[in-house]
Amino acid sequence: MLKRAVRHHHAGQLTDAEDYYRQVLAIDQNHFDSLHLLGVVAQQSGRGDLAVRLIGRAIALNERNPANNNKIAADLDALGRGKNSVGRHDLAVAYSNLSIALMALGNSTEALKAIQRSIRLEETENTKLLFVQSVRGLSSLPEGIDLRDNLARALSEPWGRPIELARFAANLIKRDGITGACINRFIIACEGGRREYGIIDDAELTQICRDRLLLCLLESTIVFDVDLERYLAAVRNTMLQAASANIDSQQFDKDLLRLFCALAQQCFNNEYTFGCTIKEKELAERLRQLLTNALQSEESIPELWLVAVAAYFPLASLPAANLLLQRRWSHSVAQLLASLVRDPEQERKLQSSIPRLTDIAESVSLAVKQQYEENPYPRWVTASPVGTPMAIDAYLRQQFPNVDLQTLPTSNRPDILIAGCGTGQHSIETARRIKGARVLAIDLSLTSLCYAKRRTQELGIKNMEYGQADVLQLQAIGRTFDIIEASGVLHHLADPLAGWRVLLSILRPGGFMRLGLYSRLARQELTAARTFISQRGFRPSAAEIRRCRQELMGCGYDTPLARVTEWADFFSISTCRDLLFHVQEHQMTLSEIGSFLSENQLRFLGFVLPLGVLQNFGRRFPSGNTTDLALWHTFEMENPSIFVEMYEFWIQKQHGKPQ
Ligand SMILES: C[S@@+](CC[C@H](N)C(=O)[O-])C[C@H]1O[C@@H](n2cnc3c(N)ncnc32)[C@H](O)[C@@H]1O
C-alpha cells in the first residue's frame, strides 16, 4: 500500500497518493511515513495548516517512541531502502518538510527551528538552502534560538548568497554576546560625543577577535549597518595606530591578526567606504609610503603594516605590488594577498581574452560604460550554491506552479543570453542552475567582464562565454536565444523599451525572458538623498561618495534623508554610485510594463519575490491571480517598498509569432 502511495505521489497524482496514505493510517494510525508524506501532500495541495499538524505529529510520535523506527525500517525495507539509513535520515527529511510548510504559512521562526533540527540530524545542500530561506523570511531577530554557528557557516561556505544574510548577521552580532556589548557601549559613547573614530582597547580587541560570526561576515560580504560600520572604522583606526607605533607584529596573536585581515578584506569588499579623519588619512599614507619603500628595497615588512595599509588602500595599486606575492607570509595574510593582489592581477591579464562583439558608440552607452569600468557592480566574494541543475521548464514550473507554461522545444540544451552580466554573480548562477545551459554573457564594461570571467574559471564552469557588447547592437551578432536575462540593465539605457525590443528580436519563439526593472514607487524614497546630493554638488568620485555617505549617515535616524542608509546598496562605493549617482536611470510603473507586454503579445509568468511577499499577496487577494498586474499595482500602492529590489519577473514570447 505504502509503495503504491509513494508511486502515485512521485507521479504527482496527489489525490490518489492521499487515498493510499490514509488507507495505511487506517491500519496503523501512528505510521510515520504515511503521516509525514500525507503532510507533504497537504503542503503541495495548499493546505499548510494540515501539513504542519500531520508532519508535526509524525515527528512527535517518533521522538516520543523511537521504537516506531523499527516499523518504519520494515516498511522502508520493503521499498528497497537500507535499514541503516532509516530513522535519522527520515526524521531529518520530516523536519525539512515541516520547515517548508511553516515557511509557507509565514512562520519563519518555527521554520528556522525545524530546519536547525534537520541540519543537526543530517546536513544536505537542501537543508542548507532552507536554512538561508528561513533566515531571509524573518522580519526580526528570533529569541531563544542559537543561530550563530550555522549562520557563520552559511556566510563562509556559503549556503546561499552571503549578501542576503548580511543584514541579519549584523543585527545578531549587535544584539548578542561580547561583540554586541562592545558595539553598544561604543555607540552610546559616540552619541554622547565622547568618542569618534576612537581607539578600541586591547582587552576588547582580544574578546571580539574570537567572534567567528563577525569574522565570517567581514570576509564574505559587506556590512550593511551604520553602527557596526562606525565601530569597525574605530577598530581600523586602532590597527593603524598600532602599526604606525611600530608595535612588533609578533606581539599580536594569531586571532587578532586574523581579525585585522578580515577587516582589511571587508574594506576591500566595500571599496574603502569607511570614514576617517584627516590625521588618520595622513598616517595611513605615511605607512603606505614606508611599506612601498620596504618592498622596493627588499627589506622585511611587518605583517601589521601590510594589513593596516590594505585596510585603507587597494594593495594592487602599490608600485610593484606583485612582489608581495613572492614573499612568505602567515596563512591569514597570504589569503588576504591572494584576494587583494593576485586576483586583480589575474583580471587584468584576462582583458585581452574577451572579444568585442559589437560597436559601443551611443552616447549614453559610453557614459554608462565609463561608470562601470570605474566601478564594476557588484563586488562579490563567494558563489552561492544553486541546487541540482534543472531543465528550464521544470525550473519555471517550480517557480510558478499555477501558470500553464508552454514547453520550450530546446529545453534540454537552451542557448542563454545574459545581457548586462556585470561582475557575473547572476550569470554564473544561471549557468550552474539550468541543465544543459550554453551561456553567452555580455556587458559594456570590460572590467566587470574580467571579474566575472575570473570567477567563472575559478569555479571550473565550462558552459559560459563572455563578450563585450552593447544591448542596443545585439542584432549584429547574428545569434538567437531560448532564454534571455537582463537584470538591472535596461533602465540604464537612453530608451529602455528600445533595448527591450532588441532583446525580444533575438529571443526565439516560445523563449523565456527574465527582467529586472526599477520601480518608480519604491525608489521615491531616494528622492530626498538625491536632492541633497545635487544641492551639495557632490560628484561621483570615490572620495566624494565617501564624504557624502558620512554626511548622510550623520543625519538623525528619523529624518527622510537617513532612510537611504536602509538600502543595502548604500554600503559600498560601486553600489552607492549605482544607487545615488547614476549617469542614467529610468524608473517604471507596472502599468507601463503591462502596456509593453500587451503591445508585444508577451505572457507574464510571475514575479521573483521573497516567499513572505507572495504569501501576503495571496492573503490580500485570496482568489486573485499572481499574473494579474492590476492586482499587483494595487498591492504595490498599499506596500510601496515591496519592489525595492526591482520589478524582477519572467515572461514568455508566444510560439510561432515573430515579434
Ligand atoms: C546594475 S549592473 C547589474 C549587473 C548584473 N545584471 C547583476 O544583476 O548583478 C548593470 C550592468 O548593466 C550593464 N549595461 C548597462 N547598459 C548596457 C548596455 N547598453 N549594454 C550592455 N550592458 C549594459 C552595465 O555595464 C552594468 O554592468
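Definitions and cut-offs
Residues numbered from 1 in each chain as written. Predicted model: local features only at pLDDT ≥ 70, side-chain atom pairs only at ≥ 80, totals over all residues. Heavy atoms only, no water. Buried < 20%, exposed > 50% of the residue type's maximum accessible area, 1.4 Å probe, protein only. Helix = DSSP H or I, 4+ residues; strand = E, 2+ residues; numbered from the N terminus. Arc of directions from axis to C-beta. Contact = heavy atoms within 4.5 Å. Axes fitted to C-alpha atoms, helices over the stretch in contact; angles between N-to-C directions. Parallel < 35°, antiparallel > 145°, perpendicular 65-115°, else oblique. Left-handed = near helix turned anticlockwise from the far one by under 90°. Nonpolar A, V, L, I, M, F, W, Y, C, P; charged D, E, K, R; others polar. Core = buried A, V, L, I, M, F, W, Y, C linked by side-chain atoms within 4.5 Å. Pairing = 2+ DSSP bridges. Near = heavy atom within 4 Å. Polar contact = N/O pair within 3.5 Å; in protein donor to acceptor, adjacent residues only side chain to side chain. Areas by Shrake-Rupley, 256 points an atom, 1.4 Å probe, with all protein chains shown as cover. Salt bridge = Lys/Arg side-chain N within 4 Å of Asp/Glu carboxyl O.

Participant: Quick rundown of helix H28 (residues 590–599)? Include the residues and the values.
Facilitator: Considered for burial, the residues of H28 that qualify are Leu590, Ile593, Phe596 and Leu597. Considered in projection along H28, the buried side chains sweep an arc of 125° and stay on one side of the axis. Residues of H28 that are exposed and angled more than 90 degrees away from the buried face: Ser591, Ser598 and Glu599. In this structure, the buried residues of H28 make contact with helix H23 (496–505), strand E5 (507–517), strand E6 (602–607), helix H30 (629–638) and strand E7 (647–653). Looking at the residues trailing H28, positive phi occurs at glutamine 601, about 50°.

Participant: For the packing of helix H14 (residues 226–244) against helix H15 (residues 254–269), give the residues involved together with the corresponding values.
Facilitator: Contact geometry of H14 with H15 gives a least axis separation of 11 Å together with a crossing angle of 120°. As judged from the angle between their axes, H14 and H15 are oblique. Seen from above, H14 lies across H15 with left-handed handedness. Contact with H14, carried on its side by Leu232, Val235, Arg236 and Met239, involves Leu259, Phe260, Leu263 and Cys267 of H15 and no other residues of that element. A per-class count over the contact of H14 with H15 returns 7 nonpolar, no polar and 1 charged.

Participant: Just give me the short version of the nonpolar core, but keep the residues and values in it.
Facilitator: Ranked by internal contacts, the top residues of the largest apolar core, which has 140 residues, are Phe131, Leu259, Leu315, Leu324 and Leu580. Among the elements that take part in this core, H14 stands out by supplying 11 residues, more than any other. Sequence-distant contacts of phenylalanine 131, defined by excluding residues within four places in its chain, comprise Leu112, Ile115, Gln116, Ile119, Leu147, Asn150, Leu151, Ala154 and Trp159. With 44 residues, the next largest nonpolar core counts Ile477, Leu507, Leu590 and Val613 among its residues.

Participant: Quick rundown of the pairing of E6? Include the residues and the values.
Facilitator: Of all the 6 residues making up E6, 5 are buried; the element is thus mostly covered by neighbouring parts of the structure. As defined by bridge partners, E6 adjoins E7 across 5 bridges and the pair is classed as antiparallel. Its bridge partner lying in E7, phenylalanine 607 is registered against phenylalanine 649.

Participant: An account of the pairing of E7 is needed here, citing residue identities and associated values.
Facilitator: With 7 of its 7 residues buried, E7 lies for the most part within the structure. Judged by which residues are buried, E7 turns out to be covered on both faces: Tyr647, Phe649, Ile651 and Lys653 on one side and Glu648, Trp650 and Gln652 on the other are all buried.

Participant: Which residues make up the sheet that holds strand E1 (residues 415–419), and what values go with them?
Facilitator: Taken together, the 7 strands give an open sheet; going across it, the order is E3-E2-E1-E4-E5-E7-E6, and neighbouring strands pair in mixed fashion. The outermost strands of the open sheet, each flanked by one partner alone, are strand E3 (464–468) and E6. Direction aside, neighbouring strands of the sheet carry axes that sit 20° apart on average. With 3 bridges joining them, E1 and strand E4 (residues 481–487) adopt parallel strand pairing. Bridge pairing links isoleucine 418 to glutamate 485 in E4. Each of E4, E5, E6 and E7 is contacted by helix H20 (residues 392–399), which is oriented at about 45° to E5, the strand it contacts most.

Participant: Kindly report on the site of the ligand, identifying the contributing residues and their values.
Facilitator: Taken together, 19 residues lie around the ligand, and Gly420, Asp443, Asp470, Val471 and Ser487 are the ones closest in. The backbone of leucine 444 places a nitrogen or oxygen atom 3.5 Å from a nitrogen atom of the ligand. Valine 471 is positioned with one of its backbone polar atoms (N or O) 2.9 Å from a nitrogen atom of the ligand. About the coverage of the ligand: the protein hides 94% of its 590 Å² of free accessible area. Within the residue set of the shell around the ligand, elements represented by two or more residues are helix H19 (363–374) and strand E2 (438–443). The leading source of residues in the shell around the ligand is H19, at 3 residues. Tallied by class, residues from the shell around the ligand come to 11 nonpolar, 5 polar and 3 charged.

Participant: Quick rundown of the pattern of salt bridges? Include the residues and the values.
Facilitator: Throughout the structure, instances matching the rule amount to 40 salt bridges. For aspartate 227, the salt bridge identified is with lysine 174, shortest N-O distance 3.1 Å. Here lysine 174 lies in helix H10 (residues 166–175) and aspartate 227 lies in helix H14, a separation of 53 residues in the sequence. Assessed through its relative accessible area of 15%, aspartate 227 is described here as buried. Between aspartate 253 and arginine 210 there is a salt bridge; the shortest N-O distance is 3.5 Å. Of this pair, aspartate 253 sits in the loop between H14 and H15 while arginine 210 sits in the loop between helix H12 (202–208) and helix H13 (212–220), placing them 43 residues apart in sequence. On the basis of relative accessibility, which here comes to 33%, the residue aspartate 253 falls in the partly exposed class. Exposure remark for arginine 210: the relative accessible area of 48% places this residue in the partly exposed category. Taken together, the shared-partner salt bridges in this structure form one network comprising Arg342, Asp343, Glu347, Arg454, Arg455 and Glu458.

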